[in-house]
Amino acid sequence: KNHSGRITCSQLVPGNKMQVMTASAEDNAIVWWDYVDGVKLSEKKLVDEGEKIVKFVALDKTTIFAQIVPKPETSINPKLWRIVELKVQPDSEYLKKTTTIRKTRGYSLSGFATGGPEGRLLVIASGRTLVWYNTKTREVVKKMTKEIITTCAVHPSQECVATGEKNGQISIWRRNTYSTLHWHAHAVSALTFTVDGTYLLSGGEEAVLVLWQLAISKNTFIARLGAPIEAIATNSDATRYAVATKNNSIWVIDGRSMQKDFQIRGLATQTSEHKNWLKNLVYDPRSQSVVVKSDSGTLQFYDIFRGRHVLSLDVVKRNYVSKTEDEETTTWTVERIALKRKRLATFEKLRSRMVIKFWKWVDNRYEMNTIINQPHEKRILSMNFNDSATLLVTTSLDGKFKLWEINPDSSNEQWQCKSVAFYRDSPLRDAKFSQDGSLLAAASNRTLTLWNPYTNSLLDRLTHPCLDDTVSQLEIFSQYLLGTLIKGKKLYMWDLLQKKVLWSLSGAFLHITSHQQYFIVAERKHILIFFHTDPTPQTVIPVAQQPMGLTFCPIRHVPIYSIFTGEILAAFEDESASSNTKIDEEEEETLPKFTGILSKIKESRKRKLPQETTKATLDKRSLAVSRSKELLETLSSYSSHVLPPVSKLFEAFFEDHTAQEGTKLLEETPNNQIEPEQNTEKIISLNGVDSPEKQYSAGALNSERDAAKTDMQTFFAKKFKSTLGTPRTAKAK
């Protein structure tokens, strides 16, 4: 990383194919790299810092032709640009300007290439003007075209130039003549000659690679490349062609058979001008990848930590279709994704037509098992599975939510509508299941409605205090806690047992998600991580750009967010957090749900007990209670509804605590105070003190544990009896 902005131009170094040169539209420098080792070799700058290099062509190791544009803040005419010859000076960090070949304003530079005899022909295309420049004789020739030029290429050994034009026509220019080729229906975006100059390759918006045999003007083509073509390159013997497409992938074509060989894929980008394509981010723990949708109707599973493509799923199953004349074509697009365990649901839309498809992971691929046509009367706003992936809830602008289940009578897995519900015919913007699946929360304007998903009965309603509060997202942490986002305004955390707001925060909040007991919130310049009962963020992570979408990676325990430029980033708290440590999915699911509370208990174990100075304080019962005092205070500081059942919490806490304390005491015992093994009454020294008054036998220590256990049982009974009543069992509802 060296440039301050997007890289706009790159080229292999003439005479050294192991190095590459790059430039950025935000810099005034060209950088040389060893791309094998990823090492920066050198950097050459312009003397004038008020200018920047946008594009360049290197003629040889010392001569570079560059498009130079003034920086907007330093020029009164930022649309003015020049083509300048630059000389590389080995003993200087600056590039030396020698000749200005062309200066113009208005049309942008559409074509910039070198070639011809001895590689001395430089071609510049802008608007309807084509300029030939002989770098040896300094001769300049201008030619005018009827159509706007979109790209150009130079013959490798002859004074011949090919230009692609806006109407899809290709013109072949020679010194005094020209001819035309026409196959493309839209603007030609890429042209290149083969090394021997026999063939010309062209591509455009149709996503079709066309191979022209120039001697007889005959063509052959390869269709269905998936996205508009942006660039074409060939190898030295024309046995392979590389075709870069607009969705950030490269097709490698066999030049002899004219068949697709293989595809190299990066993170998919949107081929049209939709702004919200990265909002619905979903993380798949099974493949350890982020699921990204594209307007071509496919889903891409992409591992952002390794930077590699994992899987592609063609949801729409329709070929890419270019626009008709100057009108954009409307195609099916994937708008919503729901993913849980091995099941996937997708929502597609074309104008007023809608489809939900259900998929299941079988034999290392997703197989579609159910198609639901027109699932709602209006557009679907949210779609979520329950934790076991046996129920799916969809909400819509039509004011209804529907529950979908697997048909128990079907031989293969088929989904059907289980129930339909509504609340005052208001649009339902989000709905989610609780972690155990026993509760469904749906957001209707400023009201939260709580439902039993199995009986479809309304259990309760919670209304936000402000009249203009409209809930855009919600998250359920347990049966007792629920968080909501009033987009751009507030966060609320609700106590469902007491039906009141536990805490709230105001701010410019954009998205929320959750993981176990943590509440992850994206705002314009930060990502905040809350413990669900505490309004103070546990972690604040600054971000460079405003997040568009937000999800959480449970494998690496980091938030993942998307930005407008089409990038998906992981928000690490610091550099040390970005390790490659992984946790298996099965291990992740077994992590305790109350790790925040238990971690505080572990911290309290590390603290030393205060040294007692009087013999009275060493009575068996008081010693055991003093050891547990801090732990009890930690537990009592939490509301009862966020704690697990007392029976489970007490047994796990007591057994783990006493076992570790006993081990610690044995480790701290001096060797000279342990009696031979035949003595069943071992003497243990507390806190390393050798005085007889502070020595206890193993039997006495067991008595202390029994006494502490009785005290703690009494404490828990008094603490939780008023709110929980009889301790819950695993079968109690």
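In this text, all values refer to a predicted model and were calculated from it rather than measured experimentally.

Caption draft 1: The arrangement of the overall build of the chain in detail. For the chain, the count of helices and strands is five helices and 53 strands. Within the chain, the fraction of its 733 residues that count as buried is 47%. Summarising the internal contacts of the chain: among those between residues at least 6 apart in sequence, 42% fall at separations of at least 24. Carbon together with sulfur atoms contributes 49% to the accessible area of the chain, which is approximately 36900 Å² in total.

Caption draft 2: Structural context of the pattern of salt bridges. Scanning all chains against the criterion turns up 20 salt bridges. The partner of Glu-51 in a salt bridge is Arg-82, with the nearest N and O atoms 2.4 Å apart. Linking Glu-51 in strand 5 (residues 51–58) with Arg-82 in strand 7 (residues 81–88), this pair joins segments that are 31 residues apart in sequence. Neither Glu-51 nor Arg-82 differs from the other in exposure class; each is buried. The partner of Lys-360 in a salt bridge is Glu-413, and the shortest N-O contact between them spans 3.5 Å. Here the residue Lys-360 occupies a position in strand 31 (residues 353–362), and Glu-413 occupies one in the loop between strand 35 (400–406) and strand 36 (415–422), the gap between them amounting to 53 residues. Note on Lys-360: relative accessible area 29%, which makes it partly exposed. Connected through salt bridges with shared partners, the residues Glu-51, Arg-82 and Lys-97 form a single ionic network.

Caption draft 3: A look at the environment of Ile-486. Tracing the backbone shows Ile-486 in strand 42 (residues 481–486). With 22 residues separating them in the primary sequence, Ile-486 and Ala-508 have C-alpha atoms 9.6 Å apart. Setting aside residues up to four positions removed in sequence, Ile-486 forms contacts with His-464, Asp-469, Thr-470, Val-471 and Tyr-492.

Caption draft 4: Layout of a nonpolar patch on the surface. Where nonpolar side chains cluster on the molecular surface, the patch consists of Leu-12, Met-18, Tyr-35 and Val-36 and spans about 380 Å² of accessible area. One can find Val-36 in the loop between strand 3 (29–34) and strand 4 (39–45). Given the relative accessible area of 51%, Val-36 is considered exposed.

Caption draft 5: Here's a closer look at the sheet that holds strand 45 (residues 509–515). With respect to topology, four strands assemble into an open sheet ordered 45-46-47-48, the strand pairing being antiparallel. Each having just a single partner strand, strand 45 and strand 48 (539–542) make up the two edges of the open sheet. Looking at each pair of strands side by side, their axes are set apart by 20° on average, direction ignored. With six bridges connecting them, strand 45 and strand 46 (residues 518–523) associate as antiparallel partners. By the bridge assignment, Ser-514 is partnered in strand 46 with Phe-519.

Caption draft 6: Representation of empty space enclosed by the protein within the structure. One pass over the structure, following the stated rule, counts two cavities of 30 Å³ or more. Empty space within the second largest cavity amounts to approximately 50 Å³. What lines the second largest cavity is Leu-121, Trp-132, Tyr-133, Asn-134, Glu-139, Val-141, Glu-159 and Arg-175. Broken down by class, the residue content of the lining of the second largest cavity amounts to four nonpolar, one polar and three charged.

Caption draft 7: Examining the confidence of the model for the chain more closely. Across the chain, the average pLDDT comes to 79, with 75% of residues at 70 or higher. Below pLDDT 50 for its whole length, residues 662–698 participates in 51 contacts with residues either more than four positions away or in separate chains. In this model, residues 719–733 is a region of pLDDT below 50 whose contacts with residues beyond four sequence positions or in other chains number 13 contacts.

Caption draft 8: Representation of the packing of aromatic side chains within the structure. In the structure shown here, the tally under the stated rule is 14 aromatic pairs. Here the aromatic rings of Phe-65 and Tyr-133 are separated by 6.2 Å at their centres, their planes lie at 70°, and the arrangement is edge-to-face. You can see Phe-65 sitting in strand 6 (residues 63–70) and its partner Tyr-133 sitting in strand 11 (residues 129–134), a full 68 residues away along the chain. The two residues Phe-65 and Tyr-133 agree in class, both being buried. Grouping aromatic residues by their ring pairs yields a cluster made of Phe-477, Trp-503, Phe-519 and Phe-530. The ring of Trp-132 is capped by Lys-143, whose NZ or CZ atom sits 5.5 Å from the centre of that ring. Between Arg-556 and the ring centre of Phe-305, over which it is positioned, the NZ or CZ distance is 4.2 Å.

Thresholds applied
Residues numbered from 1 in each chain as written. Predicted model: local features only at pLDDT ≥ 70, side-chain atom pairs only at ≥ 80, totals over all residues. Heavy atoms only, no water. Helix = DSSP H or I, 4+ residues; strand = E, 2+ residues; numbered from the N terminus. Buried < 20%, exposed > 50% of the residue type's maximum accessible area, 1.4 Å probe, protein only. Contact = heavy atoms within 4.5 Å. Areas by Shrake-Rupley, 256 points an atom, 1.4 Å probe, with all protein chains shown as cover. Salt bridge = Lys/Arg side-chain N within 4 Å of Asp/Glu carboxyl O. Patch = residues over 30% accessible without salt bridge, like charges linked within 9 Å, V, L, I, M, F, W, Y side chains within 5 Å. Pairing = 2+ DSSP bridges. Axes fitted to C-alpha atoms, helices over the stretch in contact; angles between N-to-C directions. 1 Å grid on protein atoms, 1.4 Å probe; cavity = no way out; pocket = protein on both sides within 12 Å on 5 of 7 lines; lining within 4 Å. Points joined across faces, edges and corners; volume = space filled by probe spheres on them. Nonpolar A, V, L, I, M, F, W, Y, C, P; charged D, E, K, R; others polar. pLDDT = per-residue confidence, 0-100. Phe/Tyr/Trp six-rings, centres within 6.5 Å; stacked < 30°, edge-to-face > 60°. Lys NZ or Arg CZ within 6 Å of the ring centre and 35° of its normal.

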